[in-house]
Structures are given as C-alpha cells and as structure tokens.
Amino acid sequence: MAQADTPADPQPPTVAPFIAAPLRDVAAWVAAFDAREIPVLSATANTLEDLRCNEDAVDAHLLAEGMQSDPLMTLKLLRHVALLRNGRGQADAETATEALVMLGITPFFRDFGPQPTVEDRLAGQPEALLGLRQVLRRAHRAARFALAFAVHRGDHDAMLIHEAALLHDLAELLLWAHAPTLALDIAHRQQADPALRSADAQHQVLHTTLADIQQALMTAWRLPELLVKISDDRASHHPQVRNVQLALRVARHSSRGWDNPALPDDVDDVADLLTLGTVPTLTLLHDLDN
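Residues numbered from 1 in each chain as written. Predicted model: local features only at pLDDT ≥ 70, side-chain atom pairs only at ≥ 80, totals over all residues. Heavy atoms only, no water.

**Quick look at the overall build of the chain**
(1) Moving on: Per the secondary structure count, the chain includes 17 helices and zero strands.
(2) Moving on: For 290 residues, the compact-globule estimate of 2.2 N^0.38 gives 19 Å, and the C-alpha radius of gyration of the chain, at 20 Å, lies within 12% of that figure.
(3) Moving on: Expressed as a percentage of its 290 residues, the buried residues of the chain come to 48%.
(4) Moving on: A separation of at least 24 residues holds for 67% of the contacts in the chain among residues at least 6 apart in sequence.
(5) Moving on: Counting every atom, the chain has about 14,700 Å² of accessible surface; 53% of that belongs to carbon and sulfur.
(6) Moving on: Looking at the chain, you have 24 positive and 39 negative side-chain charges, and the mean spots of the two groups are 4 Å apart. (Helix = DSSP H or I, 4+ residues; strand = E, 2+ residues; numbered from the N terminus. Rg over C-alpha atoms; globule rule 2.2 N^0.38 Å. Buried < 20%, exposed > 50% of the residue type's maximum accessible area, 1.4 Å probe, protein only. Contact = heavy atoms within 4.5 Å. Areas by Shrake-Rupley, 256 points an atom, 1.4 Å probe, with all protein chains shown as cover. Lys, Arg positive; Asp, Glu negative; His and termini not counted. Charge placed at Lys NZ, Arg CZ, Asp CG, Glu CD.)

Right, dumping it as structure tokens:
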C-alpha cells in the first residue's frame, strides 16, 4: 500500500526586503509601506499572545491597555478597522479602544495572529534599532505632555490628542523599520551638520519629507479624519493641533535635559496655551517628566 504523502511543514511568511534606495515620490513611498506588514514591539506581541490564551476574560479596554504604548500596533489596528469600515457608512473609530469595540475581541484575535516584531526585523541593524527606540521614547514623552495639556484645557478629545502625539512620527518609525540604511543616512547628515533642518535632510535622502509621506499614508489608510487633522502641522492655528505641536517640541528639545536654549520659548508658548504663568508651566513640565 502506498504511503500517504506527508503534509509539508508550513512555510514562514515571506519578509519583505529592506528599502535600500530612495523612491521617486510620495506615492511610491506610500505604495512601498502599504505592501509591507507593520512590525510591532516585542513586548506588545508577547502581551497579545498572553491575552490570546485567555480570550474569554479579555475586553476592549484590557486589550487596548496591552497596546497603548505601542504606536506601531495602534496604527496597525486603526488601519485594519478603517479598511474594513470603508463603504459601510459607519463612524470613524478614533481610538484603539473604539476600534476594538467596533471590531470585537474574537475577530481581533482571528485577524491578528502572532505579530512580527521590530526587534526581529532589525536584529542585524543595532544602530537602526536604537534610532527607532529613540523615536519611540520621544513619542511616549510627547504623548504624556499632550494628554496633560489637553486635560488642563478641558478638551473632550484628550485621549485622541494623546493618540495623535503618539502616532505623530509614524512615518519615521516605518522608515527605521523598513529602510534603516536611509534612516541612518538622514541621522548621520544631521549629526555632521547640526544646523541642517530635518526636512532638508529628508529631502536630500528621500526626495520628499516624512511629513508629506505621513499625511499621504494617513489618507490612503483612511485613518480617522479628526486624527489626521490633529496630526497635520500645517493647521497650527487649531488649538488641538497646537496642543500636539507644543508637546512634540517640548519632548524633542528636552530629550537630553532641560538646558536646551529653545526651551524657554517652548515654555512661554505652553503657558499661553494653558493660560498659566511661566513658572507654574515649567513646574508642570518637570512634574510630568518624572
């Protein structure tokens, strides 16, 4: 009797190669990022697998907590739900919790299996992994500042503002994950010339800016309209956009301490936003950073 064929071992998913050369324009960058799976932080991937083992005890809030510090997983979820929602006439899911409520716990675990991680993706690129982690640290600090500013202002969209600050540099995170050589080139140019503006360095290397790529990505992925609006630095007259911009400025300028010469202007602008004095504002910022 002939033996039955032994089923072949499942093949691991194909990992897209790194982008090694600049692409021609914003549309090409959007297409390249769209074709690649978004890796997440290993801590997030591990938490999701722990929760998967006890799915019946998981709700949207618990699941959102497991990804709330990971802008990559948050982006991945919002993108997934937005694309499912397209054409159904449903309202935007503006936060990760709302997206999970709309999607449902069982469908989430069905649609999101074990996640690829940035740590595995950049295992052979330690300098790039460090660069990505620096962006993450800045995003976490900016989100903390942004949330505190929004709460002080009594903004009903405080959690969305927190999310907008966390996701503000999503294009840079994707660049580190998928084009580490190009991301390092930008960083090295700015280190060699401290006067070189970020946008100019990006143009030299990418033929465009990360801000332009990001706005195009958010539109292509149909992310929530209000989130896109808050993330658009060109609308700086809008109080919510100003809230996020100032949080990012403070996070960037204080990343190596509170003696950066740009910080006094930042503090004055935050004081104006919050209608506080300069000294109470500086005290608030220091308290938030502890």
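Now that the structure has been shown, the text picks up again.
**So, the packing of helix H9 (residues 158–167) against helix H15 (residues 239–253)**
(1) Moving on: Where H9 contacts H15, the two axes come as close as 10 Å, and the packing angle between them is 45 degrees. The angle between the axes of H9 and H15 places the two elements in the oblique class. In the packing of H9 onto H15, the handedness of the crossing is right-handed. Together, Ile161, Ala164 and Ala165 of H9 and Gln240, Asn243, Val244 and Leu248 of H15 make up the contact between the two elements.
(2) Moving on: Here the residues of the contact of H9 with H15 are counted per class, giving five nonpolar, two polar and no charged. (Axes fitted to C-alpha atoms, helices over the stretch in contact; angles between N-to-C directions. Parallel < 35°, antiparallel > 145°, perpendicular 65-115°, else oblique. Left-handed = near helix turned anticlockwise from the far one by under 90°. Nonpolar A, V, L, I, M, F, W, Y, C, P; charged D, E, K, R; others polar.)

**Side note on helix H16 (residues 263–274)**
(1) Moving on: Taking 1.5 Å of rise per residue, twelve residues should cover 16 Å, and H16 covers 16 Å from first to last C-alpha, within 8% of that figure.
(2) Moving on: Taken as a whole, H16 has its buried residues at Leu263, Asp266, Val267, Val270, Ala271, Leu273 and Leu274. For H16, the angular spread of buried residues about the axis comes to 160 degrees, placing them on one side. Exposed side chains of H16 directed beyond 90 degrees from the buried face belong to Asp265 and Asp272.
(3) Moving on: Against the buried residues of H16 lie helix H8 (126–153), H15 and helix H17 (278–288).
(4) Moving on: One or two positions beyond H16, positive phi appears at Thr275, with a value near 50 degrees. (Expected span 1.5 Å × (residues − 1). Arc of directions from axis to C-beta.)

**Considerations on unusual backbone geometry**
(1) Moving on: Phi at His207 is positive, roughly 70 degrees, even though this residue is not glycine.
(2) Moving on: For His207, the position within the fold is in the loop between helix H12 (198–206) and helix H13 (210–220).
(3) Moving on: Overall, the relative accessible area of 45% leaves His207 in the partly exposed class.

**Examining the nonpolar core**
(1) Moving on: With 90 residues, the main nonpolar core has Leu63, Leu77, Phe108, Phe149, Leu174 and Leu175 as its most contacted residues.
(2) Moving on: With 13 residues, H8 is the largest single contributor of residues to this core.
(3) Moving on: Apart from residues no more than four positions distant in its own chain, Phe149 is found in contact with Asn243, Leu246, Ala247, Val270, Leu273, Leu274 and Leu285. (Core = buried A, V, L, I, M, F, W, Y, C linked by side-chain atoms within 4.5 Å.)

**Some details on the packing of aromatic side chains**
(1) Moving on: Summed over the entire model, instances satisfying the criterion amount to five aromatic pairs.
(2) Moving on: Each ring, one from Phe108 and one from Phe112, has its centre 4.8 Å from the other, and the planes form 25 degrees; the classification is stacked. Neither Phe108 nor Phe112 differs from the other in exposure class; each is buried.
(3) Moving on: Between the aromatic rings of Phe145 and Trp258, the centroid separation amounts to 6.5 Å while the plane-to-plane angle is 80 degrees, which identifies the pairing as edge-to-face. Of this pair, Phe145 sits in helix H8 while Trp258 sits in the loop between H15 and H16; the two residues are 113 residues apart in sequence, bridging distant segments of the chain.
(4) Moving on: Among the aromatic residues, those joined into a ring-pair cluster are Phe108, Phe109 and Phe112.
(5) Moving on: Above the ring of Trp221, the side-chain terminus of Arg79 is found at 4.2 Å from the ring centroid. (Phe/Tyr/Trp six-rings, centres within 6.5 Å; stacked < 30°, edge-to-face > 60°. Lys NZ or Arg CZ within 6 Å of the ring centre and 35° of its normal.)

**Here's the deal with the environment of Arg234**
(1) Moving on: Along the chain, Arg234 falls in the loop between helix H14 (225–230) and H15.
(2) Moving on: Separated by 31 residues in sequence, Arg234 and His203 place their C-alpha atoms 18 Å apart.

**What about the side chain of Gln245?**
(1) Moving on: Along the polypeptide, Gln245 turns up in helix H15.
(2) Moving on: Among all residues touching Gln245, those that are not within four sequence positions of it are Asp233 and Ser236.

**A word on the pattern of salt bridges**
(1) Moving on: Following the criterion strictly, the structure yields 15 salt bridges and no others.
(2) Moving on: For Asp269, the salt bridge identified is with Arg249, shortest N-O distance 2.9 Å. With a gap of 20 residues between them, Asp269 in helix H16 and Arg249 in helix H15 connect regions that are remote in the sequence.
(3) Moving on: One network of salt bridges, with partners in common, ties together Arg242, Arg249, Asp266 and Asp269. (Salt bridge = Lys/Arg side-chain N within 4 Å of Asp/Glu carboxyl O.)

The values are spatial; any link to function lies outside them.
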